[in-house]
Amino acid sequence: MEKTPLTVAVIAGTSREQRLSIRAAHYVAGLGRQYDDVEIVFVDPKDFTFNGDGNDPEGKDARYGEIITKADAFFIVTPEYNHSIPGSLKRMLDSEYGPYLHKPVALAGVSNGPWGGVRVCEALLPVCHRLGMVNILPELYFPKVQDIFEESGEIRGEFVEMYEKNIRKSYDELLWFARLLKKNRS
């Protein structure tokens, strides 16, 4: 049986200059590119401009709107700031409404502490639910991110097997839901 081609937007959660979470986001995107039937679009909040708040016309970035309209699924990789969502991620998500409806989302939390962004994943659940996204399990966590990735952005050898297995498990679930929901959206 031929698989439906899919587009997944991998969304980096912060525009902070010193962000280490970008390493995890690029790693997740790179593993997604290994699927033959999947196009990965990397979304970095630094590449977009949002004005105001909410999803009013003046608050949108047309390029972001095009990406999420085309996307069949989302994989958000974000750090935890003060037990919650980075402002840049929340602003980006809030800029649109309809294009998220009935599309699955995988979540990956990142932190420099031992919990790996558990609280940001919890904080994102009601936001994603309100936007009409379908949250998939399991969430991923990158605790002590500074110990997982080299300064070059490469994952350290002792972590490759575990993270590849867990990320592929999340992608498999995400893509299963994406195909099901895409079929039923059309």
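Residues numbered from 1 in each chain as written. Predicted model: local features only at pLDDT ≥ 70, side-chain atom pairs only at ≥ 80, totals over all residues. Heavy atoms only, no water.

Caption draft 1: Representation of the packing of aromatic side chains within the structure. Within the structure shown, the criterion is met by 11 aromatic pairs. Considering the side-chain rings of Phe 50 and Tyr 64, the 5.6 Å spacing of their centres and the 85° angle between planes classify their relative orientation as edge-to-face. Separated by 14 residues along the polypeptide, Phe 50 in the loop between strand E2 (38–43) and helix H2 (62–70) and Tyr 64 in helix H2 bring together distant segments of the chain. Judged by its relative accessible area of 0%, Tyr 64 is buried. A network of ring pairs unites the aromatic residues Tyr 27, Phe 142, Phe 149, Phe 159 and Tyr 163 as a single cluster. (Phe/Tyr/Trp six-rings, centres within 6.5 Å; stacked < 30°, edge-to-face > 60°. Helix = DSSP H or I, 4+ residues; strand = E, 2+ residues; numbered from the N terminus. Buried < 20%, exposed > 50% of the residue type's maximum accessible area, 1.4 Å probe, protein only.)

Caption draft 2: Quick peek at the pattern of salt bridges. Applying the stated criterion to the full structure yields 12 salt bridges. Between Lys 182 and Asp 72 there is a salt bridge, with the nearest N and O atoms lying 3.5 Å from each other. Of this pair, Lys 182 sits in helix H6 (residues 157–185) while Asp 72 sits in the loop between H2 and strand E3 (73–79), and the two are 110 residues apart along the sequence. The class for Asp 72 is buried, based on a relative accessible area of 5%. Here Lys 90 makes a salt bridge to Asp 94, at a shortest N to O gap of 2.8 Å. Highlighted residues: Lys 90 and Asp 94, both in helix H3 (residues 87–94), separated by four residues, approximately one helical turn. Taking relative accessible area as the criterion, Lys 90 reaches 30% and is therefore assigned partly exposed. With a relative accessible area of 25%, Asp 94 lands in the partly exposed category. One connected set of salt bridges, linked through shared partners, spans Asp 72, Lys 182 and Arg 185. (Salt bridge = Lys/Arg side-chain N within 4 Å of Asp/Glu carboxyl O.)

Caption draft 3: Fine view of H6. Here H6 spans 41 Å end to end across 29 residues, near enough to the 42 Å set by a 1.5 Å rise per residue. At Tyr 163, H6 shows its maximal kink, close to 25°. Every buried residue of H6 is listed here: Tyr 163, Ile 167, Ser 170, Tyr 171, Leu 174, Leu 175, Ala 178, Arg 179 and Leu 181. (Expected span 1.5 Å × (residues − 1). Bend = angle between axes of the 7 residues up to and from the residue.)

Caption draft 4: Here's a closer look at the side chain of Arg 23. Here Arg 23 shows up in helix H1 (residues 21–32). Buried charge Arg 23 goes without a salt bridge, the closest partner of opposite sign being Glu 151 at 5.1 Å. Apart from residues lying up to four places away in sequence, Arg 23 is in contact with Phe 149, Glu 150, Glu 151 and Gly 153. (Lys, Arg positive; Asp, Glu negative; His and termini not counted. Contact = heavy atoms within 4.5 Å.)

Caption draft 5: Region of interest: unusual backbone geometry. Residue Pro 138 is bonded to the preceding Leu 137 through a cis peptide linkage, with omega at -5°. Tracing the backbone through its elements, the reader meets Pro 138 in the loop between strand E5 (134–135) and strand E6 (140–142). Its identity is not glycine, yet Asn 82 carries a phi of approximately 50°, on the positive side. Relative to the helices and strands, Asn 82 is located in the loop between E3 and H3. With a relative accessible area of 75%, Asn 82 lands in the exposed category.

Caption draft 6: Structural detail: the packing of H1 against H6. Close contact between H1 and H6 brings their axes to 10 Å; oriented N to C, the two are set at 65°. Here H1 lies roughly perpendicular to H6, going by the angle between them. Relative to H6, the crossing made by H1 is right-handed. Two secondary-structure elements touch here, H1 through Tyr 27, Val 28, Ala 29, Leu 31 and Gly 32 and H6 through Val 160, Tyr 163, Glu 164, Ile 167, Arg 168 and Tyr 171. Each residue belonging to the contact of H1 with H6 can be placed in one class, and the counts come to eight nonpolar, one polar and two charged. (Axes fitted to C-alpha atoms, helices over the stretch in contact; angles between N-to-C directions. Parallel < 35°, antiparallel > 145°, perpendicular 65-115°, else oblique. Left-handed = near helix turned anticlockwise from the far one by under 90°. Nonpolar A, V, L, I, M, F, W, Y, C, P; charged D, E, K, R; others polar.)

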